[in-house]
Amino acid sequence: MYKEIFKLVVAIISQPGKAWDILTRKEEKDDEFLSRFVYPLIGFVTVAAFLGVLFTRKEFDVELALKSSIRTLVAAFGGFYLASYLLNEIWQGWFKREKDMKLCQRFVGYSSSLMFALNIVLMLLPEFFFLRIFVLYTFYIVWEGAGPYMQVEEKIRLKFVGTATGLILLTPWLIEVILSMLMPGLRF
């Protein structure tokens, strides 16, 4: 299972057009996508946050590592579900399509692959902070998936891609900021 996840993430990042074509043809059960792709990726990010704080700081502080992993877990889960929900609502409101939460969840999950991979690397190797700029490549991943996967017409593609990319990138960050404001003990 983990090998499949790794191959899929690499395919989405390195060849998004080809990966989206494969994903369009792939038959998935409703819960299979979540349990076989999104949840393990979020688990990897959470473990990376724990290990990153535990081993990259001068002091060995388990409490700080737990706080970091909790904040990362809530931001990743909350960001995924909030982005999926908002995209589903916008899908109906702005784009006049029938609501399809499962489709929106799959699209957000696959489009977030780069963000999850970057978070894993940056949690374990914080000195490579300059890699954060590559999160903007998510725009291209979403662009490539909008046509074949979401069936978005060319005339509204830019509007959809801008909206979806904004949701995918900003919702986890927004949840993390709100968590830090509401629970100052999670700051470090």
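Residues numbered from 1 in each chain as written. Predicted model: local features only at pLDDT ≥ 70, side-chain atom pairs only at ≥ 80, totals over all residues. Heavy atoms only, no water.

Caption draft 1: How the structure looks around the overall build of the chain. Counting its secondary structure elements, the chain contains eight helices and zero strands. Along the chain direction, N to C, the helices and strands of the chain fall in the order α-α-α-α-α-α-α-α. For 188 residues, the compact-globule estimate of 2.2 N^0.38 gives 16 Å, and the chain sits close to it at 17 Å. Seen through its C-alpha atoms, the chain measures out along the principal axes to roughly 55 × 35 × 30 Å. Out of the 188 residues belonging to the chain, those deemed buried represent 44%. Here the analysis covers contacts within the chain between residues at least 6 apart in sequence; of these, 69% occur between residues at least 24 apart. On the chain, roughly 10,200 Å² of surface is accessible, and the fraction owed to carbon and sulfur atoms is 66%. Between the averaged position of the 21 positive side-chain charges in the chain and that of its 18 negative side-chain charges there is a distance of 2 Å. (Helix = DSSP H or I, 4+ residues; strand = E, 2+ residues; numbered from the N terminus. Rg over C-alpha atoms; globule rule 2.2 N^0.38 Å. Buried < 20%, exposed > 50% of the residue type's maximum accessible area, 1.4 Å probe, protein only. Contact = heavy atoms within 4.5 Å. Areas by Shrake-Rupley, 256 points an atom, 1.4 Å probe, with all protein chains shown as cover. Lys, Arg positive; Asp, Glu negative; His and termini not counted. Charge placed at Lys NZ, Arg CZ, Asp CG, Glu CD.)

Caption draft 2: Layout of the pattern of salt bridges. One pass over the full model with this rule turns up five salt bridges. When the shortest N-O distance is used, the salt bridge between Glu-4 and Arg-36 registers 3.5 Å. Of the two residues, Glu-4 is situated in helix 1 (residues 2-14) and Arg-36 in helix 3 (residues 30-56); the sequence distance between them amounts to 32 residues. Here Arg-71 makes a salt bridge to Glu-176, at a shortest N to O gap of 3.4 Å. Taken as a pair, Arg-71 in helix 4 (residues 62-93) and Glu-176 in helix 8 (residues 157-182) lie far apart in primary sequence, 105 residues in all. (Salt bridge = Lys/Arg side-chain N within 4 Å of Asp/Glu carboxyl O.)

Caption draft 3: Summary view of helix 6 (residues 113-124). With 12 residues, helix 6 extends 17 Å from end C-alpha to end C-alpha; this agrees with the ideal 16 Å at 1.5 Å per step. Of all the positions in helix 6, only Ser-113, Leu-114, Met-115, Phe-116, Leu-118, Asn-119, Ile-120 and Leu-122 are classed as buried. (Expected span 1.5 Å × (residues − 1).)

Caption draft 4: Looking closely at the UniProt feature "transmembrane region" (unreviewed entry) in the chain. UniProt tags residues 37-56, 68-87, 107-140 and 160-182 as "transmembrane region" (unreviewed entry). In the segment residues 107-140, helix accounts for 59% and strand for 0%; the C-alpha atoms at its two ends are 13 Å apart. Annotation note: span residues 160-182, helix share 100%, strand share 0%, distance between end C-alpha atoms 32 Å. (UniProt positions renumbered as here; feature names shortened; annotations may be inferred.)

Caption draft 5: Inspection of the packing of aromatic side chains at higher detail. Counted by the stated rule, this structure contains 17 aromatic pairs. Pairing Phe-77 with Tyr-81 gives two aromatic rings, centres 6.3 Å apart and planes at 5 degrees, and the pair type is stacked. Of this pair, Phe-77 and Tyr-81 both sit in helix 4, four residues apart, which is roughly one turn of that helix. The class of Phe-77 is partly exposed, set by a relative accessible area of 28%. (Phe/Tyr/Trp six-rings, centres within 6.5 Å; stacked < 30°, edge-to-face > 60°.)

Caption draft 6: Looking closely at the environment of Val-62. Assignment of secondary structure puts Val-62 in helix 4. Using a relative accessible area of 38% as the deciding quantity, one classes Val-62 as partly exposed. Leaving out residues up to four positions away in the same chain, Val-62 has contacts with Phe-50 and Leu-54.

Caption draft 7: Highlighting the packing of helix 4 against helix 8. Packing of helix 4 against helix 8 brings their axes to within 8 Å, and their N-to-C directions diverge by 145 degrees. For the pair helix 4 and helix 8, the sense of crossing is right-handed. From helix 4, Arg-71, Val-74, Ala-75, Gly-78, Gly-79, Leu-82, Ala-83, Leu-86, Leu-87, Ile-90 and Trp-91 reach across to helix 8, where they touch Phe-160, Thr-163, Ala-164, Leu-167, Ile-168, Thr-171, Pro-172, Ile-175, Glu-176, Leu-179 and Ser-180. Of the residues that constitute the contact of helix 4 with helix 8, the class distribution is 15 nonpolar, five polar and two charged. (Axes fitted to C-alpha atoms, helices over the stretch in contact; angles between N-to-C directions. Left-handed = near helix turned anticlockwise from the far one by under 90°. Nonpolar A, V, L, I, M, F, W, Y, C, P; charged D, E, K, R; others polar.)

Caption draft 8: Spatial organisation of the nonpolar core. One finds Phe-37, Leu-87, Phe-107, Tyr-110, Tyr-149, Met-150 and Phe-160 to be the most contacted residues of the largest nonpolar core, which totals 44 residues. Not counting residues within four places of it along the chain, the set of residues in contact with Phe-37 comprises Ile-5, Leu-8, Val-9, Glu-32, Gly-109, Tyr-110 and Ser-113. (Core = buried A, V, L, I, M, F, W, Y, C linked by side-chain atoms within 4.5 Å.)

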